[in-house]
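Residue strings, one per chain:
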Amino acid sequence: MLTIEDLSAGYGEGTVVNNLNLIANQGQVTCLIGRNGAGKTTTLRGIMGLIKSSADTLRLDETDLSKMPTYRRAQSGIGYVPQGREIFPNMTVRDNLRIGLEANENSQQVPDYLFTLFPILKQFLDRKGGDLSGGQQQQLAIARALVTDPKVLILDEPTEGIQPSVIQEIGEVITELKSKMAILIVEQYLEFVMQISDYCYLLENGNITLEGLRNEIDLEQVKHTLAL
Amino acid sequence: MGTIIMQLFNGVSVASILMLAAIGLTITFGLMGIINMAHGEFIMIGAYTTYVIQNLFQTYLPHFFSSYVFVALIASFVVAALLGYLMERTIIRFLYDRPEDSLLVTWGISLVLQQLAQNIFGAPDVSVTTPKYLQGSIQVTKTVSFATDRVVILIIALAAISAVAYMLFKTRFGRNITATMQNRKMAASMGINTKRIDSMTFALGTGLAGLAGCTITWIGSIDPSIGQDYIVNAFITVVVGGAGTLLGTLFGSAFMGVGDTSLEFLTNPTIGQALILILVIVVLQFKPKGMFSSKSRKLND
Ligand SMILES: Nc1ncnc2c1ncn2[C@@H]1O[C@H](COP(=O)(O)OP(=O)(O)OP(=O)(O)O)[C@@H](O)[C@H]1O
Ligand SMILES: [Mg+2]
């Protein structure tokens, strides 16, 4: 379980995200919804410790992450799939996956189940990461994060720029994974969110303005905010 | 025919020394993007380390004197790597993404190190005695013979570049270096301690300079400014070969070494050196990123 209390994060002088509270439970898919520029990516970067941020609580199960540098947070169990995937372009698919082992404290082997989830990766193991298509890179980015054997998997707009059939596949993978870990997804593709999420937060200008179970949340308000 | 082969070997030999001096730069300059003006001084440190080891053997282990070379090869790498590690931890790490400052600061460090060497070892040249098996030459035909020490330097240079290539492309450490240099934030997000990688990578670069310093003690005397004799050509080698690629360093040093000696042989030393610099400019006109362009994003951006 990822517990966040009063997280603020930003760039340079000001903050973009203010006093954000959020919980991502094991066994659930938690969604953070917001339109362009709402601060979704900034929130995730704050969680990873990639930008200037502060939090009263930033805890993964019992581990306090708030004082840790980024690499220690990854080792403590956050698997991060960033917006734009950020595959290492000059490294092979195999090596991209192996990099995930750096944050895996239990194993030094890329697990085989990943190739059942994403058969395409097995086929392209020796190809440069940068030569994969966008959808393939997204799958690689998810697989790479899974190699770390995370307690919470964090995905930043996994559907962005990806064709419907691959979105479908990714949705199935996420549903399959949720029994094993907490999953936190940043999205603005509402249909996808409504398909896979259990609990939703709505982010507006760096503040959470609405939250609730997927089937209880005020869908009209969410739609209205996204359409603004 | 004999003269031509000897001349060619001469060029290859110059190239191999240049290559040893340049591999470390390929890593710190090409891969990490730091202009380390003190790189030459790590060559100097390796040379003086060899001198000290030789003296220690002369005093304490005279019976084993001829094996000091092996100890010196390792020690020169280790000492230069440790000092490089220290320099990264205390100074260089504040200079990433500040190329102008790093240029000035490392130049300052270069002067300080030269002065330190002068205080410790004195300004005049010192030299080491090479063991017998490195003197003499290998007779190939009646008219062709290669100096043994030069052959050994060539072997060491090739071994060093192969070892670095293996390390970069086949080991976990190399993979983490590549990931860190390609995308630092993502590397950290995958659990890599990128600051540690920076220090270790820089130390590797200076360690290789130290190794180069050890080998040049066999072909000449040592003084506090010996690094300055190599630094300019080493930088040119890395730039013309393509910063950040080992293949570039290999071909860059061959180009500079064989080209320079051949042109000097065909004309005279002054004109030869001018011609090779003109050739470098021509190459960079057509291939601004060097013969083999960089794999590191740092320099592509
Ligand atoms: N590197 C940066 N430096 C300065 N400001 C930034 C930086 N990245 C984002 N911002 C600003 O922070 C705010 C929130 O950006 P963020 O990337 O978190 O939005 P987002 O919700 O992820 O949007 P999108 O859906 O477009 O990805 C924006 O106003 C943006 O301009
Ligand atoms: Mg975003």
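Residues numbered from 1 in each chain as written. Chains lettered and ligands numbered in written order. Predicted model: local features only at pLDDT ≥ 70, side-chain atom pairs only at ≥ 80, totals over all residues. Heavy atoms only, no water.

## Points about the overall build of chain B
Alright, step 1. When helices and strands are counted, chain B shows twelve helices and two strands.
Alright, step 2. Reading the helices (α) and strands (β) of chain B from amino to carboxyl end gives α-α-α-α-β-β-α-α-α-α-α-α-α-α.
Alright, step 3. In terms of overall size, chain B behaves like a compact globule, its C-alpha atoms giving a radius of gyration of 19 Å where 301 residues would be expected to give roughly 19 Å.
Alright, step 4. For chain B, the spread of C-alpha atoms along the three principal axes comes to 60 × 50 × 35 Å.
Alright, step 5. When each of the 301 residues of chain B is scored for burial, the buried share is 52%. (Helix = DSSP H or I, 4+ residues; strand = E, 2+ residues; numbered from the N terminus. Rg over C-alpha atoms; globule rule 2.2 N^0.38 Å. Buried < 20%, exposed > 50% of the residue type's maximum accessible area, 1.4 Å probe, protein only.)

## Comments concerning the UniProt feature "domain: ABC transporter" (unreviewed entry) in chain A
Alright, step 1. Taking the numbering used here, the UniProt-annotated feature "domain: ABC transporter" (unreviewed entry) corresponds to residues 2-228 of chain A.
Alright, step 2. Helix makes up 34% of residues 2-228 of chain A and strand 26%, and the two end C-alpha atoms of the span are 30 Å apart. (UniProt positions renumbered as here; feature names shortened; annotations may be inferred.)

## Focus on the sheet that holds strand 10 (residues 199-204) of chain A
Hydrogen bonds along the backbone pair up the strands of a sheet, which may run parallel or antiparallel.
Residue and element names in this part refer to chain A.
Alright, step 1. Taking strand neighbours across the sheet as the criterion, the six strands line up as 7-8-9-3-10-11 in an open arrangement whose pairing is mixed. With partners counted over all chains shown, the strands left at the sheet margins are strand 7 (78-81) and strand 11 (207-213), one partner each. Strand-to-strand twist in this sheet, taken as the mean axis angle between neighbours without regard to direction, amounts to 15°.
Alright, step 2. When strand 3 (residues 29-33) meets strand 10, the two strands line up parallel, connected through four bridges. Paired with leucine 32 across the two strands is tyrosine 201, which belongs to strand 10.
Alright, step 3. Lying on the sheet, helix 6 (residues 134-147) is in contact with strand 7 and strand 8 (152-156); it crosses strand 7 at an angle near 170°.
Alright, step 4. Lying over the sheet, helix 9 (residues 219-227) contacts strand 3, strand 10 and strand 11, oriented at roughly 35° with respect to strand 10. (Pairing = 2+ DSSP bridges. Axes fitted to C-alpha atoms, helices over the stretch in contact; angles between N-to-C directions. Contact = heavy atoms within 4.5 Å.)

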